[in-house]
Amino acid sequence: MKHSILSANGLCKSFAHNGGQVHVLSQVDLELYERDFTVIMGASGSGKSTLLYALSGMDQATAGQVMYGGENIVDAVEKRLASLRHSDFGFIFQQMHLVSNLSLLENIVVPGYLNKKVSVNQVKARAEELLQMMGLSHIKSHLPSQVSGGEQQRCAIARAVINNPKLLFADEPTGALNRKNTTEVLNLLTDLNQSGQSILMVTHDIRAALRATRLLYLEDGKIVGDLPLPDYSLEEEKSREAQVNAWLSAMEW
Ligand SMILES: Nc1ncnc2c1ncn2[C@@H]1O[C@H](COP(=O)(O)OP(=O)(O)OP(=O)(O)O)[C@@H](O)[C@H]1O
Ligand SMILES: [Mg+2]
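Anyway, here's the lowdown on the structure attached to this text. Per chain, residue numbering runs from 1 following the sequence as it is written. By the order in which they are written, chains take letters starting at A while ligands take numbers starting at 1. At least 70 in pLDDT is required for a residue's local features to be given in this predicted model, at least 80 for side-chain atom pairs to be given and counted, and no such filter applies to totals for whole chains, interfaces and linings, which use all residues. Values reported for side chains reflect all heavy atoms of the structure, with hydrogen atoms and water molecules removed beforehand.

1. Overview of the sheet that holds strand E5 (residues 71-72)
Part 1: Taken in spatial order, the four strands of this open sheet run E2-E1-E4-E5, and their pairing is antiparallel. Two strands bound the open sheet, and with one partner strand each, they are strand E2 (20-33) and E5.
Part 2: Examined bridge by bridge, strand E1 (residues 4-17) and E2 share 10 bridges and lie antiparallel to one another. Looking at the pairing, Leu 6 lines up with Leu 32 of E2.
Part 3: Residues are treated as being in contact if the distance between any of their heavy atoms lies within 4.5 Å. Lines fitted to C-alpha atoms define the axes, with helix axes restricted to the stretch in contact, and inter-axis angles between N-to-C directions lie between 0 and 180 degrees. Put simply, DSSP marks the helices as runs of H or I at least four residues long and the strands as runs of E at least two long, and each gets a number from the N terminus on. This element, helix H1 (residues 48-55), spans E1, E2 and strand E4 (63-68) of the sheet and lies at about 120° to E1. A pair of strands counts as paired when DSSP detects no fewer than two bridges linking them.

Next up, the structure:
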């Protein structure tokens with residue numbers, strides 16, 4: 001039995017443009033479930049990032065509801081949204097947005113220190129565990145500019161999960177990485193998911209989409225496809241790729 005973690009009802013987002021309105025999301029209804037690795041695909045401009053930002057409270061929807069833990073976060077004040085971003089949600093972006101004059105370790109612990117629910121020692125212990133998991137322990141004192149793009153993104157992932165978020169949001173997390181670094185980052189996201197982390201990720205990359213346990217397809221601001229998949233395993237990647245490719249063709253991707 002799947003447990004709902006977040007749901008959108010009649011979600012709309014419009015932008016003012018050239019004196020008119022651009023309707024990007026139109027009446028999106030969506031339920032996200034715990035432990036799923038949900039991946040949103042769709043053509044460029046279909047509204048994927050807009051949906052991710054509206055669902056996470058990073059940007060305010062124009063109409064509709066986003067229910068999280070019994071609360072409609074569309075109506076939440078900025079202070080409450082900031083608290084949700086610290087304690088309940090984690091974020092990863094294409095550009096890692098690491099703080100350039102802080103070491104990798106310092107980048108990872110900062111959101112932990114801002115979280116009043118845990119002690120400094122707990123944050124430090126969790127950071128060491130994450131550095132180990134991300135294969136960054138030996139370079140934890142380096143500045144972001146002194147490590148590769150893949151290492152920076154692994155650091156950004158560690159920072160995003162330092163507070164054990166209920167839901168991890170990722171917008172094109174492999175968009176700026178080469179093939180090898182993409183695989184490493186996807187393996188880490190898969191490991192996190194298979195240890196129980198709920199993830200919502202937007203991607204263009206079929207290799208990233210293969211890690212999904214649920215694939216959604218967005219077209220003109222509406223969800224037009226919803227494909228459940230078993231947990232990813234390398235042995236089954238070939239057959240999974242064929243299935244996902246066939247589904248994407250049916251979606252006219
Ligand atoms: N602040 C804004 N003002 C006006 N229009 C916007 C704004 N943000 C996004 N849009 C428009 O909304 C549409 C959807 O944008 P969005 O960034 O969500 O697409 P996307 O599916 O994430 O695309 P991509 O795959 O290229 O990242 C686009 O047509 C875009 O131009
Ligand atoms: Mg986008």
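2. Some details on the site of ligand 1
Part 1: Think of it this way: one heavy atom of a residue within 4 Å of a molecule or strand is enough to make that residue near it. Every residue close to ligand 1 is listed here: Phe 15, Val 24, Ala 43, Ser 44, Gly 45, Ser 46, Gly 47, Lys 48, Ser 49, Thr 50 and His 204.
Part 2: What qualifies as a polar contact is a pair of N or O atoms within 3.5 Å, subject to a donor-acceptor requirement within protein and to the restriction that residues adjacent in sequence count only when both atoms come from side chains. One nitrogen or oxygen atom from the main chain of Ser 46 is found 3.3 Å from an oxygen atom belonging to ligand 1.
Part 3: Lys 48 is positioned such that a nitrogen or oxygen atom in its side chain is 2.7 Å from an oxygen atom of ligand 1.
Part 4: For the accessible areas, the method is Shrake-Rupley and the probe is 1.4 Å, while residue cover comes only from the protein chains on display. Here ligand 1, which alone exposes 640 Å², has 60% of that area covered by the protein.
Part 5: Per element, the largest residue contribution to the shell around ligand 1 is three residues, and it comes from H1.
Part 6: Gly falls in the polar group here, along with every residue not listed as nonpolar (Ala, Val, Leu, Ile, Met, Phe, Trp, Tyr, Cys, Pro) or charged (Asp, Glu, Lys, Arg). Its residues assigned to classes, the shell around ligand 1 shows three nonpolar, seven polar and one charged.

3. So, the layout of surface pockets
Part 1: Cavity means a closed set of points on a 1 Å grid over the protein atoms alone, one where a 1.4 Å probe fits but cannot get out, pocket means an open set with protein on both sides within 12 Å along at least 5 of 7 lines, and lining means a residue has an atom within 4 Å of a point. Grid points are joined across faces, edges and corners, and a volume is the space filled by probe spheres set on the points. Estimates place the volume of the largest pocket at around 380 Å³.
Part 2: Taken together, 18 residues form the lining of the largest pocket, with Arg 85, His 86, Phe 91, Pro 111 and Arg 159 sitting closest to its centre.
Part 3: Mapped onto the lining of the largest pocket, the elements with two or more residues apiece are helix H2 (78-87), strand E6 (89-93), helix H3 (104-114) and helix H5 (149-161).
Part 4: Its residues assigned to classes, the lining of the largest pocket comprises 12 nonpolar, four polar and two charged.
Part 5: Structurally, the lining of the largest pocket is a two-domain feature, drawing no fewer than three residues from each of domain 1 (4-88 + 165-250) and domain 2 (94-162). The split of the chain into domains comes from an automatic or database domain assignment.

Treat this as a map of the structure, not an account of what it does.
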